[in-house]
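Coordinate analysis (summary)
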Number of protein chains: 2
Amino acid sequence: MKVGILGTGMVGQTIGNALAAQGHLVMLGSRQAGKAEAVAWARSAGVNARQGSFADAAAFGELIFNCTKGDAAVAAITAAGPVNLAGKALVDVSNPLDFSKGMPPSLFVGNTDSLAEQVQRAAPQAKVVKALNTLNCYLMVDPSKLAGDHDLFICGDDADAKAQVQGLLTGAFGWKPAQIRDLGPLSGARATEALLPLWIRLFGSLGHANFNFHMNIGPAPKD
Amino acid sequence: MKVGILGTGMVGQTIGNALAAQGHLVMLGSRQAGKAEAVAWARSAGVNARQGSFADAAAFGELIFNCTKGDAAVAAITAAGPVNLAGKALVDVSNPLDFSKGMPPSLFVGNTDSLAEQVQRAAPQAKVVKALNTLNCYLMVDPSKLAGDHDLFICGDDADAKAQVQGLLTGAFGWKPAQIRDLGPLSGARATEALLPLWIRLFGSLGHANFNFHMNIGPAPKD
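Below or above, wherever it landed, is the structure these notes cover.

Parameters at a glance
- Residues numbered from 1 in each chain as written.
- Chains lettered and ligands numbered in written order.
- Predicted model: local features only at pLDDT ≥ 70, side-chain atom pairs only at ≥ 80, totals over all residues.
- Heavy atoms only, no water.
- Helix = DSSP H or I, 4+ residues; strand = E, 2+ residues; numbered from the N terminus.
- Buried < 20%, exposed > 50% of the residue type's maximum accessible area, 1.4 Å probe, protein only.
- Contact = heavy atoms within 4.5 Å.
- Buried area = accessible area lost by both parts, 1.4 Å probe.
- Salt bridge = Lys/Arg side-chain N within 4 Å of Asp/Glu carboxyl O.
- Polar contact = N/O pair within 3.5 Å; in protein donor to acceptor, adjacent residues only side chain to side chain.
- Nonpolar A, V, L, I, M, F, W, Y, C, P; charged D, E, K, R; others polar.
- Least-squares fit on C-alpha atoms with pLDDT ≥ 70 in both.
- Pairing = 2+ DSSP bridges.
- Axes fitted to C-alpha atoms, helices over the stretch in contact; angles between N-to-C directions.
- Arc of directions from axis to C-beta.
- Parallel < 35°, antiparallel > 145°, perpendicular 65-115°, else oblique.
- Left-handed = near helix turned anticlockwise from the far one by under 90°.
- Core = buried A, V, L, I, M, F, W, Y, C linked by side-chain atoms within 4.5 Å.

1. Examining the overall build of chain A
Each helix and strand in chain A was counted, giving 10 helices and 11 strands. By residue count, 58% of the 223 residues in chain A fall in the buried class.

2. Focus: the environment of A:Ala220
Following the sequence through the fold, A:Ala220 ends up in the segment after strand E11 (211–217). Overall, A:Ala220 belongs to the partly exposed group, its relative accessible area being 48%.

3. Concerning the interface of chain A and chain B
Accessible area lost on assembly of the parts is the figure often given for the size of an interface. Contacts between the two partners involve 37 residues from chain A, matched on the other side by 37 residues from chain B. Of all residues in chain A, A:Leu198, A:Arg201 and A:Asn216 bury the most surface against chain B, accounting for 21% of the area lost on that side. Linking chain A to chain B there are 0 salt bridges. Where chain A packs against chain B, one counts 17 residue pairs in polar contact (both at pLDDT 80 or more). Of all the secondary structure elements, the ones that give two or more residues to the side of chain A that touches chain B are strand E7 (106–107), helix H9 (189–193), helix H10 (196–206) and E11 of chain A. When residues in the side of chain A that touches chain B are grouped by element, the largest group, 7 residues, is from E11(A). Across the side of chain A that touches chain B, the residue classes break down as 20 nonpolar, 13 polar and 4 charged.

4. Concerning the relation of the copies chain A and chain B
The two chain copies are connected by a rotation around an axis plus a translation along it. With an RMSD of 0.0 Å, chain A superimposes on chain B once it is rotated by 180° and translated 0.0 Å along the axis. Both copies of the chain, as the preceding transformation shows, are related through a two-fold rotation axis. Nearest to the rotation axis, the C-alpha of A:His214 is located 2.5 Å from it, this being the minimum over chain A. An overlap of 100% is found between the interface residues of chain A and their copies at the interface of chain B, pointing to a shared contact surface.

5. A word on the sheet that holds strand E4 (residues 63–66) of chain B
Residue and element names in this part refer to chain B. Within the open sheet, the 8 strands sit side by side as E3-E2-E1-E4-E5-E8-E9-E10. Their pairing is mixed. Strands with a single pairing partner mark the edges of an open sheet, and in this sheet they are strand E3 (49–53) and strand E10 (180–182). Each neighbouring strand pair of the sheet contributes to a mean axis angle of 25°, computed without reference to strand direction. Direction of pairing for strand E5 (residues 89–92) relative to strand E8 (residues 127–131): parallel, over a ladder of 4 bridges. Looking across to E8, one finds that Asp92 is bridged to Lys130. Lying on the sheet, helix H6 (residues 115–122) is in contact with E4, E5 and E8; it crosses E8 at an angle near 160°.

6. Let's talk about helix H4 (residues 70–80) of chain B
Residues and elements named next belong to chain B. Every buried residue of H4 is accounted for by Gly70, Ala73, Ala76, Ile77 and Ala80. Angularly, the buried residues of H4 cover 100° about the axis, an arc narrow enough to put them on a single face. Facing away from the buried side of H4, by more than 90 degrees, are the exposed residues Asp71 and Ala75. The elements touched by buried residues of H4 are strand E1 (2–6), helix H3 (54–60), E4, helix H5 (82–85), E5 and H6. Where H4 terminates, the next one or two residues include Gly81, which has phi positive at roughly 95°.

7. A closer look at the side chain of B:Lys130
Residue and element names in this part refer to chain B. Among the structural elements, Lys130 can be located in strand E8. Owing to a relative accessible area of 1%, Lys130 belongs among the buried residues under this scheme. In this structure the side chain of Lys130 is engaged in a polar contact, spanning 2.5 Å, whose partner is the backbone oxygen of Ser94.

8. Some points on the environment of A:Leu206
Here A:Leu206 is to be found in helix H10. For A:Leu206 and A:Pro177, which are 29 residues apart along the polypeptide, the C-alpha to C-alpha distance reads 29 Å. For A:Leu206, the contacting residues outside a window of four places in its chain are A:Phe211 and B:Ile217.

9. Here we look at unusual backbone geometry
Residues and elements named next belong to chain A. Here the amide bond leading from Met103 into Pro104 is cis, since omega sits at -15°, within 30 degrees of zero. Tracing the backbone through its elements, the reader meets Pro104 in the loop between strand E6 (97–98) and E7. Positive phi values are uncommon outside glycine, yet Asn111 reaches one of about 70°. Note on placement: Asn111 falls in the loop between E7 and helix H6 (115–122).

10. Some thoughts on the packing of H4(B) against H6(B)
All names here are of chain B. The interhelical angle for the contact between H4 and H6, taken along N-to-C directions, is 15°, at an axis separation of 9 Å. Taken together, the axis directions place H4 and H6 in an arrangement best described as roughly parallel. Relative to H6, H4 is oriented so that their crossing is right-handed. Contact with H4, carried on its side by Gly70, Ala73, Val74, Ile77 and Thr78, involves Leu115, Gln118, Val119 and Ala122 of H6 and no other residues of that element. Across the contact of H4 with H6, the residue classes tally to 6 nonpolar, 3 polar and no charged.

11. Remarks on the nonpolar core
Counting 78 residues, the largest nonpolar core has A:Leu85, A:Leu198, B:Leu85 and B:Leu198 as its most contacted members. Residues contacting B:Leu198, with those up to four places away along its chain left out, are A:Phe153, A:Leu183, A:Ala191, A:Leu195, A:Met215 and B:Phe213.

12. Section: the pairing of E11(A)
The element E11(A) is largely enclosed, with a buried count of 6 among its 7 residues. Note that E11(A) and strand E11 (residues 211–217) of chain B share 7 bridges and pair antiparallel. Looking at E11(B), one finds that A:Phe213 is bridged to B:Met215.

13. Regarding the sheet that holds strand E4 (residues 63–66) of chain A
Residues and elements named next belong to chain A. Taken in spatial order, the 8 strands of this open sheet run E3-E2-E1-E4-E5-E8-E9-E10, and their pairing is mixed. Each having just a single partner strand, strand E3 (49–53) and strand E10 (180–182) make up the two edges of the open sheet. If you compare each strand with its neighbour and ignore which way they point, the axes differ by 25° on average. As paired elements, strand E9 (residues 152–156) and E10 share 3 bridges and run parallel to each other. Opposite Ile154, over in E10, you have Asp182 as the bridge partner.

Have a look at this one:
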C-alpha cells in the first residue's frame, strides 16, 4: 500500500521504517520537500522510501498518518490539502501537548474537544482515526517488545477506515486483535488524549518509555 | 482508628462498611445530621458505625475520606470546617464530573488544576491524598475481586499522610503494595482525574464496572 506520513520526527520515521520494511511504499512529508532529515531518512530506509512536502505525501498515500507535533498538526493538515486527504483514512497519532508552561506539559485542547476532532474539522472529507497516541513509537510498531498484556485504543467515525487501520496495525505492526480496544466515535480521542498527562508523569518518574496502558476487564458481576 | 466519611452515597457507604467490618469506628457525614440514608446505614453497619453532619464526621475522624459528588466536594469541605480537618489525612475520592452537558460527562476542572487541589485549597491545613478515584467502589475495598494485575494511583504533597493512607489501603482493603502507584505530589490528581473520561466510556460500552487500569511497565530498554 502507498502510505503518506506527515511529520519527519522520530514517530514518523519509526512508523515509516516499519511500513517500508513490510514492503509498503512510504512518503515522509514535511513543510518543505527536501528537508535534510527527510532526505537522510529516505536514503537510509531503502527503495520503498521517499520524501516530499506535506501535500506530496498526502497526495501520494492511500492511507495517511499524522505524526506531527500536536501544536503543528492542524497547520500540517491544512498544508497537506484537504482535497488530497479526501476519502482517505487519516490516522492521527498526535497529541495536544503544550510545553509553554513548563513540565509536565498541559493539553491545549481537551475535555469537550480533542486534537483529533480539530484535525477532522481541518480535513472534513478525510476519515480520521485516532490511534497509537498513548504509547512510545518503538512499541507502536512492535508491541511484542513489551511482555504481558497492554492495549491500543482506536476510535473514529468511519467504520471502514477503522477496519482498514486495524488491518494495518495487526498486519504490519503485529498488534493482536484482542489488544485493540475500539472506543467508538472520534470523540473517544477526548479520552485517549487525556491519558497523556499520566503517561508523561510515569515517563518522568521511570526515566524510560517501555510501558503501556492495559485495561484489566473482568466478567460482568452477577448480582 | 476513627474515620470520618463525607458523603452518604454508595461510595461512602461501601468504604464505611469495609472499615467498620475491620473494627474501625466510622462516622458518615452529610449536609445535615440525621439524613435518612445515613441513619439507615448506621443502623445496618453495626456498633462501629454512626452518622452526623459533615462537621461532626470531620471532627470525629482521625482520617477523613471525601466521597461526595464532585460538584459538591468543595462545599462539603467548607461545611466540614477546615479547622476540623487541620493536620489530618484527607483522602479525596471524588471526581469533577459535569453531567450538565449530557453523557458522557465532561470534567469541570482539569489539565492545569484538579478537584483534589481545589479541595486542598478549601482546607489548607488538611493533608490531601488523592486515591481510589479511578475504579468502582466495590473494587476499592476488595481489589481481589478483579483477577490479574490492576493498579491504584495515589498522590499527595505530604509523605506521612500518603504512608498512612497506603497503610489503610493495604491493611483494611487488601491492596498489595506493588499495586499502589505513587505519582508524587497532589498535582498528579490532574492525571488521575483525567482517566475518568476513558473509564466512563468503557463503563458505557461494557455495561459493568468490573474493570480497572493497569500500567504494564517493562524494564528500561538497553540502548
